[in-house]
Amino acid sequence: MRTQSPATPEAPRAPGASEAPVTAGAPGGAAPTPAEMRRAMGVFATGVTVVTGLDPQGDPVGFACQSFASVSLDPPLVLFCADHRGRAWPRIRDTGRFCVNVLAEEQSGLCERFGSSRGAKFEGLGWDLSRWGTPALRGVLMRAHAEVVDVRATGDHDVVIGRVLGLETEDGRRPMLFFRGHFGVEAEAPAHPNPPAGPFTWGMGDLWG
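Conventions we followed
- Residues numbered from 1 in each chain as written.
- Predicted model: local features only at pLDDT ≥ 70, side-chain atom pairs only at ≥ 80, totals over all residues.
- Heavy atoms only, no water.
- Buried < 20%, exposed > 50% of the residue type's maximum accessible area, 1.4 Å probe, protein only.
- Helix = DSSP H or I, 4+ residues; strand = E, 2+ residues; numbered from the N terminus.
- Arc of directions from axis to C-beta.
- Disulfide = S-S within 2.5 Å.
- Pairing = 2+ DSSP bridges.
- Axes fitted to C-alpha atoms, helices over the stretch in contact; angles between N-to-C directions.
- Contact = heavy atoms within 4.5 Å.

Visitor: Hey, could you run me through helix α3 (residues 108–115) in this one?
Guide: Residues three or four positions apart in an α-helix share a direction because the helix packs 3.6 residues into each turn. Taken together, the buried positions of α3 are Leu110, Cys111, Phe114 and Gly115. Down the axis, α3 shows its buried residues gathered within 120° of arc, on one side only.

Visitor: What is the right way to read the state of the cysteines from this model?
Guide: Between two cysteines, a covalent bond joining their sulfur atoms is known as a disulfide. In total, this model carries zero disulfides according to the counting rule given. Free of any disulfide, cysteine 65 has its nearest cysteine sulfur in cysteine 81, 6.9 Å distant.

Visitor: Would you explain the pairing of strand β10 (residues 157–169) in this entry?
Guide: As a general feature of sheets, a regular strand has side chains that alternate between the two faces. Pairing analysis gives seven bridges linking strand β5 (residues 77–83) to β10, with the strands arranged antiparallel. Each residue of the ladder has a partner; that of leucine 79, found in β10, is isoleucine 161. Summarising the sheet, strand β9 (residues 142–154) and β10 pair through twelve bridges and their orientation is antiparallel. Each bridged residue has a counterpart across the sheet, and for alanine 144 the counterpart in β10 is leucine 167. Taking the residues that link successive antiparallel strands as the turn, the β9-β10 hairpin has two residues, and the phi of glycine 155 there is positive, at about 60°.

Visitor: Help me understand the pairing of β5, please; the structure alone is not making it clear to me.
Guide: By the criterion of burial, β5 is predominantly enclosed, with six of the seven residues buried. Here four bridges tie strand β4 (residues 68–72) to β5, and the two strands are oriented antiparallel to one another. Its bridge partner lying in β5, alanine 69 is registered against leucine 79. Taking the residues that link successive antiparallel strands as the turn, the β4-β5 hairpin has four residues.

Visitor: Can you walk me through the sheet that holds strand β3 (residues 60–65) in this structure?
Guide: Strands pair in a sheet through their backbones, by hydrogen bonds, and they do so in one of two ways: parallel or antiparallel. Strand order in the open sheet formed by seven strands is β3-β2-β6-β9-β10-β5-β4, with antiparallel pairing between adjacent strands. Every other strand in the sheet has two partners, leaving β3 and β4 as the edge strands with one partner each. Direction aside, the axes of adjacent strands within the sheet are offset by 35° on average. As defined by bridge partners, strand β6 (residues 97–102) adjoins β9 across six bridges and the pair is classed as antiparallel. Residue pairing across strands places valine 100 opposite alanine 144, the latter belonging to β9. Strand contacts of helix α2 (residues 88–95): β2 (49–54), β3, β5, β6, β9 and β10, with the helix running at about 125° to β3, the strand carrying the most contacts.

Below, the structure written as structure tokens:
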């Protein structure tokens, strides 16, 4: 006579534990889709920057960018990622120097200006040419002036490494944060489980170039 093994009891859920996480990617090891990547990465709150530079004609250009980080303290290195389809980054790359302007909480207007594909980014905007030859936006929390030392084409982005030439900082204000498609970590999560990729959806900042 065939006997049936008793079912293994489920492990008790720890107090306060949530339901099992949603898994992205199809069974069998298929990679997550771009939409799944964007939605998942949106839970990692980031600062917001504007990368600026001069093009070969000496005109200022720039784009909003969330993918920015410190790489090394000695030598001082930073990186940012720029989408291959961006228009500002290739012009900055031709001259080899850039400035990463870290935005303050109240500077959503600058983010919108440099995150839009329309209009002249610097028209009517107060800015200064730094002693390193890079456009410096006024009133930002920090500026990192750098020169390009390496560019690695990786997937649909360029990973840009820059050697820092100078830093300018201001204290006493809160940084702009971006979380789940909204400014600020206090913002409510989108009601739609699969929000469309709008102008302020995670990961689009690198496409703003």
